[in-house]
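# Structural overview
Take a look at the letters that make up each chain.
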Amino acid sequence: MSPMGIRLSPLGLGLFCLLGVGVIYHLYAGVISNHIAAFRQRRTVDLRDLLAVSVEAALLGGTEVKKVRDENSLNEKSKGKTKEGANELLTTGDLQSHRKMFNLISNTFPEVTVNSEEHDNTLDKAAAWSRKIPADILEKVEGGRDVLAESVTVWIDPLDATQEYTENLVKFVTTMVCVAVDGKPVIGVIHVPFTGFTAWAFVGQGSNMRARSSYSVSTPKAIVSRSHSGKVKSFVQDAFGNSTTIIEAGGAGYKVLSLLEMPSSETIPMDQADVYIHITFIKKWDICAGAALLSALGGHMTTLKGEDIDYSGTALNKGGLVASVGVDHKALVKKLPEWDPEKH
C-alpha cells in the first residue's frame, strides 16, 4: 500500500516509463544521429592537392630565404646547442620562411597537423593556396587520392642548413615539406632557393627525380654532416675501410639530393654520394621529405639498425640514419658497426 492509500499499478508504471523513454528519444535522437553522421563523414584530404600546396609552400619559403640572404639581413642568434655542442642558429630567413609555409598549409588544410622546426605567433589568415597544380604533377599523379585528415602529419623545415646559410654556403640550403600518412612518408618536397630547382615525389605515384645509373657499395662515397658530425668519420671508416671517400656537407635535404641524379640545368655543382649516414640525434622535419623521395624511387632511409622511422608523434629521431637508393640497403646496414646514438 502506497502513502495516502494510493496503489501504484505495475502496468501504469511500465507505461509511464515507456512514455518517458519515448520523450527522451524524441528530444535527443537528432543529436545522436548528427554525431553518428559526423563520425561517418570524417574529413578527408586529397593528397594530390596536398602535394601541390607543399610545392607552393616550399617555393614561397625559399623566396623569403633568398631575399633575406641577398639583403644580408640575417640577424642570426643561437637557439641553444645540440647534444654534440654545436650552435643551433635562428635567422630572419628561418622565421620569414616559416610564416609563409606554415600559414599557407594550415589555412588550406586546417584539420591537418603541421609541425615546423620554428615556432612563431604571427598568423596570416590571408595566406591562401593559388589552386594551381604544377603540370608535371597533373601528368604523373591522379586526383582523388583521399585519406583521413587525422591520419596526416606534415613536417616542414623552413630553412635547412642554417649554419651554412649564415656562412653564405648557399648551395647546401633547402626548404622542405613532407607529408606522412599513418607515420609513413608519402610526399616529399625539397626546394633549392638559390637555383630555383624543386624536387618532389609521391610514393607509388611519381616523381620528377630519378636515381643515378650506378652506385658503389664496396667503397662508397659517404656524405655526412659538416656541423653535427660527431664521430661519424671513424664510424664510416670502420664500416667501409680507410679508403672510403667522406664528403662533409650541410643540410639533410642537400645530402639526399646528392644521392640522386640532378638535372644538367642546375647551375650550382652538387656533390655525388653513394650513401648518407648520420650517427647522432636528428629531427624529423630534417629527414622526412628526403625519406619520401628515396622511398618513391625504391630507396630507403632507416635508423642505423635498419628500422623504419615513424614520422608521427615526437619530432626527435634518436636512432641515427642510413640512406641509400639503387643498392641492397639491408646489406649496407649489415656493414655498419654497432652504435647507440643515445650513448654518444
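Scope of this entry: the structure provided in the associated data block. What you are looking at is a predicted structure, and each value in this text was computed from that prediction instead of being measured.

### A word on the packing of aromatic side chains
Inspection of the entire model under this criterion finds three aromatic pairs. Both rings, one in phenylalanine 172 and one in tyrosine 254, keep their centres 4.8 Å apart while their planes meet at 80°; by these two values the pair is edge-to-face. With phenylalanine 172 in the loop between helix H5 (162-166) and strand S7 (174-181) and tyrosine 254 in helix H7 (residues 252-257), this residue pair connects regions lying 82 residues apart in the sequence. Assessed through its relative accessible area of 1%, tyrosine 254 is described here as buried.

### Re the sheet that holds strand S12 (residues 222-225)
Read from one edge of the open sheet, five strands run S13-S12-S15-S19-S17, paired in mixed fashion. A strand with exactly one partner marks an edge of an open sheet, and here the two such strands are strand S13 (246-249) and strand S17 (300-302). In this sheet, adjacent strand axes meet at a mean angle of 20° when their direction is disregarded. Note: strand S15 (residues 275-278) against strand S19 (residues 321-324), three bridges, orientation antiparallel. By the bridge assignment, tyrosine 276 is partnered in S19 with alanine 323. Across the sheet, helix H8 (residues 284-296) lies against S17 and S19, angled at about 140° from S17, the strand it touches most.

### Some details on unusual backbone geometry
Despite not being glycine, asparagine 75 shows a phi value in the positive range, around 50°. By relative accessible area, which is 59% here, asparagine 75 ends up exposed. At asparagine 168, a position not held by glycine, the phi torsion is positive, near 65°. Within the secondary structure, asparagine 168 is located in the loop between H5 and S7.

### Considering the side chain of threonine 162
The residue threonine 162 is located in helix H5 in this model. Reaching out from threonine 162, the side chain makes a polar contact with the backbone oxygen of leucine 159 at a distance of 3.3 Å.

### Concerning the pattern of salt bridges
If the charged atoms of two oppositely charged side chains come close together, the side chains can form a pair. In this structure the tally under the stated criterion is 12 salt bridges. Of the charged contacts in the structure, one is a salt bridge between lysine 79 and glutamate 117, with a shortest N-O distance of 3.6 Å. With lysine 79 in strand S2 (residues 77-81) and glutamate 117 in the loop between strand S4 (113-116) and helix H4 (135-140), this pair connects stretches of sequence that are 38 residues apart. We classify lysine 79 as partly exposed; its relative accessible area is 36%. Residue arginine 212 pairs with aspartate 274 through a salt bridge whose shortest N-O separation is 3.5 Å. Linking arginine 212 in the loop between strand S11 (210-211) and S12 with aspartate 274 in the loop between strand S14 (260-261) and S15, this pair joins segments that are 62 residues apart in sequence. Each member of the salt-bridge network shares a partner with another, and the members are Lys79, Glu117 and Glu118.

### Re helix H2 (residues 47-70)
Its 24 residues place the ends of H2 34 Å apart at the C-alpha level, agreeing with the 34 Å of an ideal helix rising 1.5 Å per residue. Most of H2 is tucked away: 18 of the 24 residues are buried. The backbone nitrogen of arginine 48 has a side-chain oxygen 2.8 Å away, supplied by the residue at the start of H2, namely aspartate 46. Looking at the residues trailing H2, positive phi occurs at asparagine 72, about 55°.

Thresholds, definitions, all that
Along each chain, numbering runs from 1 in the same order as the chain's sequence is written. The predicted nature of this model means local features are confined to residues of pLDDT at least 70 and side-chain atom pairs, given and counted, to a pLDDT of 80 or more, with totals for whole chains, interfaces and linings taken over all residues. Just so you know, side-chain values use all the structure's heavy atoms and leave hydrogens and water out. A pair of Phe, Tyr and Trp rings is counted when the ring centres sit within 6.5 Å of each other, with Trp represented by its six-membered ring. The angle between the planes then sorts it: under 30 degrees is stacked, over 60 is edge-to-face, the rest tilted. Put simply, DSSP marks the helices as runs of H or I at least four residues long and the strands as runs of E at least two long, and each gets a number from the N terminus on. Burial classes follow relative accessibility: with a 1.4 Å probe on protein chains only, a residue under 20% of its type's maximum area counts as buried, one over 50% as exposed, and anything between as partly exposed. Here, a strand pair is defined by DSSP locating no fewer than two bridges between the strands. Lines fitted to the C-alpha atoms define the axes, with helices restricted to the stretch that makes contact. Angles between their N-to-C directions range from 0 to 180 degrees. In what follows, residue pairs with any heavy atoms lying within 4.5 Å of each other are defined as contacts. Any N or O atom pair separated by 3.5 Å or less is treated as a polar contact, with the protein-specific requirement of one donor-capable and one acceptor-capable atom, and with residues adjacent in sequence counted only for side-chain atom pairs. Between Lys or Arg on one side and Asp or Glu on the other, a salt bridge is scored when a side-chain nitrogen of the former is within 4 Å of a carboxyl oxygen of the latter. A helix is expected to reach a length of 1.5 Å times the quantity of its residues less one.

Remember, this is a structural readout, not a statement about activity or role.
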